[in-house]
Structure formats: structure tokens, C-alpha cells
Amino acid sequence: MGRWFNRSRKRDDEPPREATSSGPVIEITVTQGGRSTTETVGGPVAFGLQYHAYHEQYGATDTRTLEAGSRYAQELMRGNDVAEAVAVYQEIVGLRSSALGPEHPDTLRSKHSLAFALWQRGSHAEAERVQRDVYAARRRVLGDEDAETLRSGNNLGWLLIELGRLDEAEPLLRRVADGMARTLGRDDADTLTCQLKLAGIQHLQGRSQQAERALRDVVKRMTRTLGPISPVSLQARSNLLVVLLDNGRAAEAVDAARTLADDAGCALSNTDGVRLHAQHSLARALDGVGRRAEAIRLLADTLPDSERGRGADHPATLEMRTLFALLLVEQGDPRAGREARAALAACERVHGPTHPHTEKARALVRLTR
């Protein structure tokens, strides 16, 4: 589901996707064997030192200490030290709850970030509980139509989608999308992103014609309001490609995918997930209109970028590798056996021996014998 529901820049005090911090740089003196040396440290170490220094200087519940703790947790998330970030966020939530109250805006912002960190750690049930608490508290304090309440509902809907609970997510997101249209405007980025999720639910539930109509409208309004190469516009266009291909519109998808790949190439790196997905969709579309050799060349060029950007064992990389092997088998290419075995080994390692993706790769290996 990740290709459908990648979110845009997060709200509250969550970190952005990329490490863009320009935090403290601290000089520390290290004494060893009677000799003292001065070292300069930055990143999470510097943020942690600042947080603990403020803790001692101002006290645990001082606003400056709590803000420093939040920045420290953000930096830990940027550095992928998720377990430690969860511990710091839990500490900050506890301190803010006792000092400011459990429903104070700052407490709720920290709880929102804690939910995201818990999700990244794999504690999905706990993440849902915390995010549900934030949404309920904001409804009580701010009302159903407040922008922050609606964004909390949007985030809860995203969690429910990722948990596969589409029947719960759809009515919530429909209510949130309607509220956002009234409060933020029909063409606001958050409104459009919420509507993008709703179209994704329609597609996942087999209502692909409805999903296509909804996505065409969202893409049109995103392109007009945000521009064609904004991150959310590119994501929406990528999602529309999925529906076009699944609805048998390969010829239209070829042109759309090539344009998207070119636009993403101008705005994003070769290893960005949206650009890689556009290339993957273009390969599928080319094969759908009988241009299999072009599709094979495209995948051969794109697979190394996916391995570098997403990792060799990322599900999207495995999906691309399996498609590459399938096209080679259908083309009768001598590389087919090697690539099919590589796809099978990776799927067995990541998904296990009985997963449907593994079975698909295993069938390809049998075809090459």
C-alpha cells in the first residue's frame, strides 16, 4: 500500500523526510591518559547534550528543556535511531502532560510525533491508540472543523489504511475530506491529499472506475494549484498510473508514465521512490502495448537505482525484479534463468517461502528449466 499512501510533509513537530537540520555544534573536552583534547560534535549527540544541559540548568518541565527534547527526538528519527526517539518522545509526552495537561496543544503535538515514531518502530497497535487519543482530544478541545483536528483525523485514516482496515478508514477520511474542503478550501494541499487516500481505498476495494474518475479530478486540481512537479502532485500522478494500468489503459499510461518520469527526473533524484515507481509503471505500460524489449531495457537501467535508493530487499525493488524476470522469460532472453532465481531467492528471504510473491517467482524459475 505504500505506493498509494506516501504522505507529504508531516505536521506538528515530526521530522521532514530528509535530514535538513542545522542544529547545535558543541565543543567537548575529552581527558584520557592525562591529556585533554577538544572535539566538535553535531547531530544527535549535540542535540542530546543540549537537552541534558537544559534539563540540569532550567529543570525538567521548563519550556526550553521540553523544546530541546523534542528537537533531540526529531534528530534521532532523522538518524534512524527510532528506538531511542520513542523513549525520548515518551519522556517528553509525560513531562508535558504533567506540566501543561494531557490535552494542551504542545502535549498533543508530542503525542502525534510519538505515534509516528511508534509506527516506524513497528508498534502499530500502540501507534494507532496514541493517534486515536490525539484525534479525540483535538475534537473535544478544538472542535470537529478545526484544521489541526482534521489533520489528526487524516493521519489516523492513514494508519488504518496501512493496517488494512479500509472499511474503517473510508468513512473517517470522507468526513475529514468534507471538513477540510469547508475549513481549508477545496484545493488546499491537505484536502487534496485526503481525497487521494480516498481514491486509493476505492481502487483497493475493486472500484477502479470510481478511483480513476476521482484521481483524474485530484490530479487536475493538484496540478493547477500546486504545480505539476510538487511532491504531492507527482505522487498523485503516480497513483493514477496504477489505476490506468489496472483498468487496461496501457496506451494512455505509456504517455502519462513517460511524462511523469521526465518531470520527476527534473525534480527528484534517480533513486527517489516516485521516480522509480514512474519508471516501473512505464515498463508495465510498454509491455502492455507490445514494446517488451523497451520495457526490459528500462527495467535493466532502473533496477540498480532502486537497489541503491530503496534497498535490494525493499518490497518495491522485489516487485520490479520479479517483473524484470517475467519479461525476460516471456521474451526468451538468456538472462531469464539467472534473474528468476535471483528474484526467488530475494522473495524467500524477505517474504518467506509461502508468500504469493514468492510463489510467483518460483513459477518463473520453473518456466526457465
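What counts and what doesn't
Residues numbered from 1 in each chain as written. Predicted model: local features only at pLDDT ≥ 70, side-chain atom pairs only at ≥ 80, totals over all residues. Heavy atoms only, no water. Helix = DSSP H or I, 4+ residues; strand = E, 2+ residues; numbered from the N terminus. Buried < 20%, exposed > 50% of the residue type's maximum accessible area, 1.4 Å probe, protein only. Contact = heavy atoms within 4.5 Å. Areas by Shrake-Rupley, 256 points an atom, 1.4 Å probe, with all protein chains shown as cover. pLDDT = per-residue confidence, 0-100. Phe/Tyr/Trp six-rings, centres within 6.5 Å; stacked < 30°, edge-to-face > 60°. 1 Å grid on protein atoms, 1.4 Å probe; cavity = no way out; pocket = protein on both sides within 12 Å on 5 of 7 lines; lining within 4 Å. Points joined across faces, edges and corners; volume = space filled by probe spheres on them.

1. Quick word on the overall build of the protein chain
Logical step 1: For the protein chain, the helix and strand inventory stands at 17 helices and two strands.
Logical step 2: Taking all 369 residues of the protein chain together, 47% fall into the buried category.
Logical step 3: The contacts of the protein chain with a sequence gap of at least 6 include a subset with a gap of at least 24, amounting to 55%.
Logical step 4: If you sum the accessible surface of the protein chain, you get close to 17200 Å²; carbon and sulfur atoms cover 48% of it.

2. Brief notes about the confidence of the model for the protein chain
Logical step 1: Across the protein chain, the average pLDDT comes to 87, with 89% of residues at 70 or higher.
Logical step 2: Mean pLDDT across the secondary structure elements of the protein chain bottoms out at helix H1 (residues 2-5), with 40, and peaks at helix H8 (residues 166-183), with 96.

3. Brief notes about the packing of aromatic side chains
Logical step 1: All chains considered together, the criterion is met by three aromatic pairs.
Logical step 2: An angle of 75 degrees between the planes, with centres 5.4 Å apart, marks the rings of Tyr54 and Tyr58 as edge-to-face. Pair noted here: Tyr54 and Tyr58 are both in helix H2 (residues 43-58), with a separation of four residues, about one helical turn.
Logical step 3: Relative accessible area serves as the criterion here: at 23%, Tyr54 is assigned to the partly exposed category.
Logical step 4: Classification of Tyr58 as partly exposed rests on a relative accessible area of 31%.
Logical step 5: With centroids separated by 5.6 Å and ring planes inclined at 55 degrees, the aromatic side chains of Trp119 and Trp158 adopt a geometry described as tilted. Residue Trp119 is found in helix H5 (residues 105-121), and its partner Trp158 is found in helix H7 (residues 147-162); the two are separated by 39 residues along the sequence. The same class applies to Trp119 and to Trp158, which are both buried.

4. Digging into the layout of surface pockets
In this approach the atoms are scanned with a rolling probe the size of a water molecule, which exposes any empty space left behind.
Logical step 1: In this structure, the second largest pocket encloses a volume near 240 Å³.
Logical step 2: Taken together, twelve residues form the lining of the second largest pocket, with Glu319, Thr322, Leu323, His357 and Lys360 sitting closest to its centre.
Logical step 3: Among the secondary structure elements, those contributing two or more residues to the lining of the second largest pocket are helix H13 (273-288), helix H15 (315-331), helix H16 (336-351) and helix H17 (356-367).
Logical step 4: Among the elements that make up the lining of the second largest pocket, the one with the highest residue count is H15 (five residues).

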